[in-house]
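The lines below spell out each chain.
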Amino acid sequence: IKKVGVLTSGGDSPGMNAAIRSVVRTCAYHNIECVGIYRGYQGMIEGDFIEMGARSVHNIINKGGTILKSARSKEFRTPEGRKKAFDELTKVGVDALVIIGGDGSFTGAEIFNQEYGFPVMGIPGTIDNDIYGTSHTLGYDTALNTVVECIDKIRDTASSHNRLFFVEVMGRDAGHIALNAGIGGGAEEILIPEAELGLERLLESLQKSKATGKSSSIVVIAEGDKIGKNVFELKDFVEANLPEYDIRVSVLGHMQRGGAPSCYDRVLASRLGVKAVESLIEGKSNFMVGMLNDEVTLTPLLQAIKGESVIDRELLRVSEIMSI
Ligand code: F6P
C-alpha cells in the first residue's frame with residue numbers, strides 16, 4: 001500500500017484524535033502517505049480530503065472530539081454513493097482505509113470492501129463499548145470517568161436533601177456505561193437493557209433501602225433500558241408508589257461524549273492505530289483491531305459487526321451485594 005485514508009464516523013468519542021494521530025504517525029514512520037478524510041463517509045463521497053503528515057497531528061492527543069469531524073452518511077448506504085467515494089479515493093491515490101467508529105461504520109467498510117476489494121481496517125471508537133472483539137472501545141474509559149465524576153457531584157446534593165436521584169446515562173443498546181459507572185459511583189440500583197430488573201423489584205429494593213436506614217439513593221439507568229418507561233415516567237411511577245421519596249432526575253446526555261481522553265484511552269488509541277496501519281502493510285484487510293487481555297488483536301470485521309458484546313453478569317451480582 002502507498003496511501004492510507006483515515007476517517008472518523010458515527011458518534012464521536014474521546015480518543016478518536018489520539019487514534020488519528022497514531023495512524024498518521026505510523027504511516028509516516030513506514031514512509032507511507034496519509035490522507036485525512038473529513039466528515040466520515042460523506043466527506044469521502046465529496047472528496048473532502050487533507051494530506052496529513054507527522055506534524056499535522058501535533059497537540060491533539062489530549063483533545064476530545066475528532067479533528068476530522070464525524071457524520072452519519074445516508075448516501076454511502078447507496079451503491080451510487082459508494083461509487084462516488086471509490087472514484088474520489090482513486091483520484092488521489094488512496095489505496096487503503098482505516099475507519100474509526102462503531103458497528104454502523106464497520107458495516108459501511110465491509111460493504112465497500114466487498115464491492116471494490118478495497119483494503120479496510122476498523123478501530124472501535126464509541127463510548128458505548130458495545131463492540132464485539134475488544135474489551136474496550138475508544139472513549140469508553142473516559143466516559144466512565146466522566147459519569148462517575150457526575151454521580152459523585154449528584155451524591156453531594158442527594159445526601160444534603162435526603163433525595164433519590166435517577167441518573168440517565170448513554171447506552172442506546174448497551175448497559176456497559178451504566179453498569180460500570182453505577183458500581184463505581186455506588187448506585188443503589190442499575191437498570192440496563194441486558195437485564196430486566198422489573199418495576200416491582202425496583203420498588204421493593206427502594207422500600208428496603210429506606211427501611212434499612214438509607215437517607216438518599218442513586219439509581220443509574222441506561223438510556224436503552226427496557227423497563228418500559230423513560231426516566232421521567234419512572235420518576236412519576238416511583239413517586240406515586242413510594243410517596244416517602246423526594247425524587248429528582250438528571251440526564252447526563254452528550255457531556256458524556258466530550259472531554260480530554262483518559263490516559264487509558266490515549267494508550268489504547270496509540271496501540272490500535274499502530275496495529276491497524278501495520279496490518280494493512282502486511283497485506284491484511286477486513287479486520288477490526290481491538291484489545292483483549294491487554295493484547296492487541298484482530299477480529300474479522302464481519303464478526304465484530306455481528307458478534308454481541310456481552311456484559312459481565314458477575315458485575316450485576318457485585319452491584320446487588322454492594323447495595324445491601
Ligand atoms: O455514541 C453512541 C451514543 O452515545 C449512544 O449511546 C446514544 O444513543 C447516541 O450516541 C446519541 O448520539 P447522537 O446524538 O449523535 O445521535
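In this report, we go over the structure that sits alongside the text. (Residues numbered from 1 in each chain as written. Predicted model: local features only at pLDDT ≥ 70, side-chain atom pairs only at ≥ 80, totals over all residues. Heavy atoms only, no water.)

As a further point, take helix H9 (residues 263-281). Over its 19 residues, H9 extends 27 Å from the first C-alpha to the last, a length consistent with the 27 Å expected when each residue adds 1.5 Å. Every buried residue of H9 is listed here: Asp265, Leu268, Ala269, Leu272, Gly273, Ala276, Val277, Ser279 and Leu280. Projected down its long axis, H9 carries its buried residues within an arc of 155°, all on one side. Looking one or two places after H9, you find glycine 283, whose phi comes out positive at around 90°. (Helix = DSSP H or I, 4+ residues; strand = E, 2+ residues; numbered from the N terminus. Expected span 1.5 Å × (residues − 1). Buried < 20%, exposed > 50% of the residue type's maximum accessible area, 1.4 Å probe, protein only. Arc of directions from axis to C-beta.)

This next bit is on the pairing of strand S11 (residues 295-300). One ladder, built from six bridges, connects strand S10 (residues 287-292) with S11; its direction is antiparallel. Counted as the bridge partner of phenylalanine 287 is proline 300 from S11. The loop that links S10 with its antiparallel partner S11 comprises two residues; one of these, asparagine 293, has a positive phi angle of about 50°. (Pairing = 2+ DSSP bridges.)

Here we take up the packing of aromatic side chains. Centre distance and the angle of the planes are the two values used to describe a pair of aromatic rings. Taken as a whole and judged by the stated rule, the model has six aromatic pairs. With 4.3 Å between their ring centres and 10° between their planes, phenylalanine 86 and tyrosine 116 make a pair best called stacked. With phenylalanine 86 in helix H3 (residues 79-92) and tyrosine 116 in helix H4 (residues 103-116), this pair connects stretches of sequence that are 30 residues apart. Assessed through its relative accessible area of 26%, tyrosine 116 is described here as partly exposed. Centre to centre, the rings of phenylalanine 112 and tyrosine 116 are 5.3 Å apart; their planes meet at 50°, and the pair counts as tilted. Within this pair, phenylalanine 112 and its partner tyrosine 116 are both found in helix H4, separated by four residues, close to a single helical turn. Aromatic rings pair up to connect Tyr41, Phe76, Phe86, Phe112, Tyr116 and Phe118 into one cluster. Geometry around tyrosine 245 places lysine 210 over its ring, the cationic atom sitting 4.4 Å from the centre. (Phe/Tyr/Trp six-rings, centres within 6.5 Å; stacked < 30°, edge-to-face > 60°. Lys NZ or Arg CZ within 6 Å of the ring centre and 35° of its normal.)

Enumeration over the complete set of coordinates arrives at 17 salt bridges. Close ionic contact of glutamate 51 with lysine 3 constitutes a salt bridge, the shortest N to O distance being 3.3 Å. Of this pair, glutamate 51 sits in strand S3 (residues 49-52) while lysine 3 sits in strand S1 (residues 3-8); the two residues are 48 residues apart in sequence, bridging distant segments of the chain. Of the residues examined, lysine 3 reaches a relative accessible area of 9% and is grouped as buried. Overlapping salt bridges bring together Lys3, Glu33 and Glu51 as one network. (Salt bridge = Lys/Arg side-chain N within 4 Å of Asp/Glu carboxyl O.)

The subject of this paragraph is unusual backbone geometry. Notably, asparagine 31 is not glycine yet its phi reads approximately 55°, a positive angle. With phi around 50°, asparagine 162 is a residue other than glycine that occupies positive phi space. Given a relative accessible area of 43%, asparagine 162 falls into the partly exposed group.

In this fold, serine 205 is placed in helix H7 (residues 199-211). Residue contacts for serine 205: discarding those within four places in its chain leaves Glu188 and Glu189. (Contact = heavy atoms within 4.5 Å.)

Geometry only, nothing functional implied.
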